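Per-entry structural report
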Amino acid sequence: MSEENINNDKNNKAESDAPKGGIRFDNKPKTGDGKPKFNSSWIFGILAIVLIGSMFFPSIGNTPVEITRSRFENEMLRSKDVERVVVVNKEKAEIYIKADKLSDPKYKDAPGKGSMTTGTGPQYFFTIGSIEAFDDRMDQAQANFAPEDRVDVKYEKRENYLEGILSWLLFPLILIAVWLFIFRRMAGPNGPGGQIFNIGKSRAKVFDKEGAQIKIDFKDVAGLEEAKIEIREIVDFLKNPDKYTDLGGKIPKGALLVGPPGTGKTLLAKAVAGEAHVPFFSMSGSDFVEMFVGVGASRVRDLFKQAKEKSPCIIFIDEIDAIGRARGKNPNMGANDERENTLNQLLTEMDGFGTNSGVIILAATNRADILDRALMRAGRFDRQIHVELPDLNERRDIFNVHLRPLKKLSADVTAEYLAKQTPGFSGADIANVCNEAALIAARRDKKQVEKQDFLDAVDRIIGGLEKKNKIISTDEKKTIAYHEAGHALVSWVLEHANPLIKVTIVPRGQALGAAWYLPEERQLTTTDQMLDEMCSVLGGRAAEELFFGKVSTGALNDLEKVTKQAYAMVSYFGMSEKIGNLSFYDSTGQNEYMFGKPYGDETARDIDRETKRIISEAYTRAKEVLTNYKSQHNKLADLLLEREVIFAEDLEKIVGPRPNGKTPDFTRAETSDKKADIEDAEIVNISETDISIAVDTDKTEDNSNNN
Ligand code: NHX
Ligand code: ZN
């Protein structure tokens, strides 16, 4: 899941258009029609023609046949068949046979016999050692010939232009061909000239104003209102710089988009690109990283050089933590030298002696705490724009965006309703819910996407895939049922615990069973709420102990959660009287205290003791609740074993209303997970009252931890 999912169709368009019209600064030939402009197979073609041509050229016409000197002397010269002999280049004697003698059977091997060229010769040749020796032999052989019978020998110097040219040309041609071949190999799939030759060049994708490939603007970004206001100002700086500089103000160098994954940081940056109408350089932090030394810094330099040429413009560096991580304190660590060089170059480019007027740098990260502090000082990333998880209203807006592409939507599915069911979801999660719901509906052969499909999609995204075929023994099933019933019962009875939605013993993802809550969307959590929450988490283990007298490994996740929460209460939130209002939380993330913990042994012991006390008190309380409601617990577990899923309504029936009137606002859900199973096999008519609500317990935990 990533921000990319948001506004899927638009993004895809932007992405696929980008390389097409976008200007690339990596010296790759622009490919107008998708074909490489220069094709080396062309060269190979020419080369092949030349080679083949040179091989066959002499045979155009009739190539003389090579013979031995003795055949020449004995068969031809002596019988006076030879018309004339031409010595070419002092090395080859070409023999012309008299036309009327050619019909003799001994000349049947003469080339071109019977053709038009017969008789023009030369028909034969042989190689001579030297002119002198040849002359001597000729004289000897013809010693007793009449003068008029003597064969006349001509000496000729023949330049073989073709051969000369070829030998000059062939070698370089082969060289070029081989070079091109290697070149293309190195270039890889990105066409000629990639990689090696441009290693120090920036890999930024450039979106230019003329291209207008980015079709996202602020209207397409749902939610994120505060972030939009801030980032709009940055766009305005670029559009009307004078307005700000006239009063003596300086335009910020950059802004850092900080927020959890999937909240739309990249989308926001894309909207800036679409809205600003200035060139937009987009790069990922990891693009600077290469195995060669100095490449990162060189790419930073190149990026800024390109940007300065195009100013005013925006540079966007996604996942900047890849290069911007805090530099180590120990200068001899060595391993991170390359990254540090890159970061140093970035720091200098952003606020060094060089002026980058008109260049604004946007960067995104989900880990602002680990960034080097030098990056965030004024003059570099002056501003930090926090992109948070969407609240109820923002989720509604985001749902509205993502529901739009779903063509056939059941009328009871509203963005408001879905937003309520998805606390803690990011924009990317919401996009995923909508897509998953459509897929689920399609799998069930429905004509439209219905409410239940969305709810199942939410369950699936939170809990993972249902594992219906997991083999679980009856004993285990019973343990699971009592464990989950324990969670349900404790959370139902305790006033400050989260409202329960449903309990299931259908395995899903890593969990064999789960209790699902719909947490309040609150900014603050009180001590009471935390303690009651811990009680309900411990309710599972407590149930196992009470009913079976033994416990299982299954409570792993529960115990992990509780331990972290208790520790946070004591050492972060000042919720233990013994420790007092101290917090050892380090929001900078950079361990200022190099030597371990910022407290002494005594405090350490106290923290441990307090953590233990809180957990054991919560456990005792959970057991008390379960003991008081033993019969109800039995009933719940039995119902759970029978139905596999029970809902808040069933709890109200068995246990009675929640204290303080905190009974969740539920509507009877006709479709259980169990029924959904059947649905996969056959189409089941789903009534309009179908509602099942689901929310991750983990997600709630995360949120409360973050708060
Ligand atoms: C497992 N999971 O991984 C099984 C599938 C108490 C009925 N062995 O608290 O699912 O048992 O309220 C190694 C060893 C996870 C890895 C033990 C990973 C235990 C969820 C915990 C239900 N619901 N627990 C819950 C649950 C489990 C776990 C482990 C592991 C259970 C419980 C996991
Ligand atoms: Zn549990």
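Bear in mind the structure is a predicted one, so any value in this text is a computation, not a measurement.

Assigned secondary structure in the chain consists of 24 helices and 14 strands. Residues classed as buried in the chain amount to 45% of the 707 residues present. When contacts within the chain are restricted to residue pairs at least 6 apart in sequence, those whose partners lie at least 24 apart make up 75%. Accessible area for the chain stands at about 36900 Å²; split by element, carbon and sulfur atoms hold 53% of it.

Next up on the list: unusual backbone geometry. Notably, L224 is not glycine yet its phi reads approximately 55°, a positive angle. You can see L224 is positioned in the loop between β6 (205–207) and α6 (225–239). A positive phi angle, close to 55°, is found at D445, a residue other than glycine.

A word on the sheet that holds strand β3 (residues 92–97). Ordered in space as β1-β4-β3-β2-β5, the five strands form an open sheet in which the pairing is mixed. Whereas interior strands pair on both sides, the edge strands pair on one side only; in this sheet they are β1 (65–66) and β5 (152–156). By the bridge criterion, five bridges tie strand β2 (residues 82–88) to β5 in an arrangement that is parallel. Of the residues in β5, the one forming a bridge with V88 is E156. Contacts from helix α4 (residues 131–141) reach β2, β3, β4 (124–127) and β5, with the element oriented near 170° to β5.

This brings us to the site of ligand 1. Near ligand 1 you find 14 residues, and of these E484, H487, L512, G554 and D558 are the closest. For ligand 1, an oxygen atom lies 2.9 Å from a polar atom in the side chain of E484. Interatomic distance of 2.8 Å between a side-chain N/O atom of H487 and an oxygen atom of ligand 1. Computed on the free molecule, ligand 1 has an accessible area of 660 Å², of which 70% lies beneath the protein chains in the complex. Listed by contribution, the elements that provide at least two residues to the shell around ligand 1 are α17 (474–493) and α19 (556–571). Sort the elements by how many residues they give to the shell around ligand 1 and α17 lands first, with four residues.

With that settled, consider the packing of aromatic side chains. With the rule as written, the count across this model stands at 10 aromatic pairs. With a centroid separation of 6.1 Å and an interplanar angle of 25°, the aromatic rings of F280 and F316 are classed as stacked. In this pair, F280 is assigned in strand β8 (residues 280–284) and F316 in strand β9 (residues 313–318), connecting sequence segments 36 residues apart. For F316, a relative accessible area of 2% gives the class buried.

What follows deals with a nonpolar patch on the surface. On the surface, I174, V178, F181 and I182 cluster together into a nonpolar patch covering about 340 Å² of accessible area. Its place among the elements puts I174 in helix α5 (residues 161–187). I174 gets classed as partly exposed once you look at its relative accessible area, which sits at 36%.

Ordered in space as β13-β12-β14, the three strands form an open sheet in which the pairing is antiparallel. Strand pairing shows two members of the sheet lacking a second neighbour, β13 (514–517) and β14 (645–647), which therefore form its edges. Adjacent strand axes in the sheet meet at a mean angle of 15°, parallel and antiparallel pairs treated alike. As defined by bridge partners, strand β12 (residues 500–504) adjoins β13 across four bridges and the pair is classed as antiparallel. Across the sheet, T504 pairs through a bridge with A514, a residue of β13. Contacts from helix α21 (residues 630–643) reach β12 and β14, with the element oriented near 125° to β14.

So, how was this worked out
- Residues numbered from 1 in each chain as written.
- Chains lettered and ligands numbered in written order.
- Predicted model: local features only at pLDDT ≥ 70, side-chain atom pairs only at ≥ 80, totals over all residues.
- Heavy atoms only, no water.
- Helix = DSSP H or I, 4+ residues; strand = E, 2+ residues; numbered from the N terminus.
- Buried < 20%, exposed > 50% of the residue type's maximum accessible area, 1.4 Å probe, protein only.
- Contact = heavy atoms within 4.5 Å.
- Areas by Shrake-Rupley, 256 points an atom, 1.4 Å probe, with all protein chains shown as cover.
- Pairing = 2+ DSSP bridges.
- Axes fitted to C-alpha atoms, helices over the stretch in contact; angles between N-to-C directions.
- Near = heavy atom within 4 Å.
- Polar contact = N/O pair within 3.5 Å; in protein donor to acceptor, adjacent residues only side chain to side chain.
- Phe/Tyr/Trp six-rings, centres within 6.5 Å; stacked < 30°, edge-to-face > 60°.
- Patch = residues over 30% accessible without salt bridge, like charges linked within 9 Å, V, L, I, M, F, W, Y side chains within 5 Å.
- Salt bridge = Lys/Arg side-chain N within 4 Å of Asp/Glu carboxyl O.

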